Amino acid sequence: MGGSDSEGEKSVQKEKEKKKLLALAPIAKPLAGKKLCKRTLKLVRRAAEHKCLKRGVKEVVKSIRRGNKGLCVIAGNISPIDVITHVPILCEEAEIPYIYVPSKEDLANAGSTKRPTCCVLVLTKPTKGELGQEEQEKLKGDYDQIASDVSELAVSMF
């Protein structure tokens, strides 16, 4: 009896993942795989705790135009897609790595907001104040690791 319950939960989980993938926009490339997606959302969560995060299209675009560097994480299930089509172009011009994740809801949860978010920019240092040396190095290490993975994914695409 106990085993069937967990199997039921797993099938529900798989259904949710299928729905997420069905709602994906055709331009959502490079799309993070399961593992990279999990690590990216973890980085977004940590960045939100340390106030190193810009949320929403308007903030992200403003930050990129001002010359801030970071990692841009874009949700792939945005409708209408026209809302975010200019963000990857801005990122490429500013040489900022960007990655798509399957769900805007997951991105919002990681960024500690209740509203679904279509894109966030993970900055390497906080906008105001300073981080402790240890925290700064840990965040920078995670950031560098994911940024290199994202760059590899982008290179393999073209």
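The structure presented is a predicted model; accordingly, all values stated were derived computationally and were not measured.

## Regarding the packing of aromatic side chains
Applying the stated criterion to the full structure yields 1 aromatic pair. Here the aromatic rings of Tyr-98 and Tyr-100 are separated by 6.3 Å at their centres, their planes lie at 80 degrees, and the arrangement is edge-to-face. By relative accessible area, which is 10% here, Tyr-98 ends up buried. Residue classification places Tyr-100 among the buried positions, given a relative accessible area of 2%.

## A short note on the sheet that holds strand β3 (residues 98-101)
Pairing is mixed across the open sheet formed by 4 strands, whose spatial order is β1-β4-β2-β3. Across the chains shown, the open sheet's two edge strands, defined by having one partner strand only, are β1 (53-55) and β3. Strand-to-strand twist across the sheet, computed as the mean angle between neighbouring axes with direction ignored, equals 20 degrees. Direction of pairing for strand β2 (residues 70-75) relative to β3: parallel, over a ladder of 4 bridges. Note on β3: the bridge partner recorded for Ile-74 is Tyr-100. Here helix α3 (residues 57-65) sits on the sheet in contact with β1, β2 and β4 (119-123), set at roughly 40 degrees to β4.

## What to know about the confidence of the model for the chain
Any residue range with low pLDDT should be treated as having predicted coordinates unsuitable for detailed reading. Mean pLDDT for the chain: 84, with 89% of residues reaching 70 or above. Per-element mean pLDDT across the chain ranges from 66 in helix α1 (residues 2-22) up to 94 in α3.

## Considering helix α6 (residues 133-157)
Helix length check: α6 (25 residues) gives 36 Å between terminal C-alpha atoms against 36 Å at 1.5 Å per residue, within 8%. Those residues of α6 lying buried are Gln-136, Leu-139, Tyr-143, Ile-146, Ala-147, Asp-149 and Val-150. Check the buried side of α6 and you find it contacts α2 (34-49), β2, β3 and β4.

## What about the pattern of salt bridges?
Applying the stated criterion across every chain yields a total of 3 salt bridges. A salt bridge links Asp-142 to Arg-46, with the nearest nitrogen and oxygen atoms 2.0 Å apart. Of the two residues, Asp-142 is situated in helix α6 and Arg-46 in helix α2; the sequence distance between them amounts to 96 residues. Using a relative accessible area of 28% as the deciding quantity, one classes Asp-142 as partly exposed. The class of Arg-46 is partly exposed, set by a relative accessible area of 22%.

## Details of α2
The end-to-end C-alpha separation of α2 is 23 Å, in line with the 22 Å expected for 16 residues at 1.5 Å each. Within α2, burial applies to Leu-36, Cys-37, Thr-40, Leu-41, Leu-43, Val-44, Ala-47 and Ala-48. For α2, the angular spread of buried residues about the axis comes to 155 degrees, placing them on one side. Opposite the buried face of α2, at more than 90 degrees from it, the exposed residues are Lys-34, Lys-35, Lys-38, Lys-42 and Glu-49. If you follow the buried residues of α2, they end up packed against β1, β2, β3, α5 (104-110), β4 and α6. Count one or two residues on from α2 and you reach Lys-51, which has phi positive near 60 degrees.

Quick notes on the rules
Residues numbered from 1 in each chain as written. Predicted model: local features only at pLDDT ≥ 70, side-chain atom pairs only at ≥ 80, totals over all residues. Heavy atoms only, no water. Phe/Tyr/Trp six-rings, centres within 6.5 Å; stacked < 30°, edge-to-face > 60°. Buried < 20%, exposed > 50% of the residue type's maximum accessible area, 1.4 Å probe, protein only. Pairing = 2+ DSSP bridges. Helix = DSSP H or I, 4+ residues; strand = E, 2+ residues; numbered from the N terminus. Axes fitted to C-alpha atoms, helices over the stretch in contact; angles between N-to-C directions. Contact = heavy atoms within 4.5 Å. pLDDT = per-residue confidence, 0-100. Expected span 1.5 Å × (residues − 1). Salt bridge = Lys/Arg side-chain N within 4 Å of Asp/Glu carboxyl O. Arc of directions from axis to C-beta.

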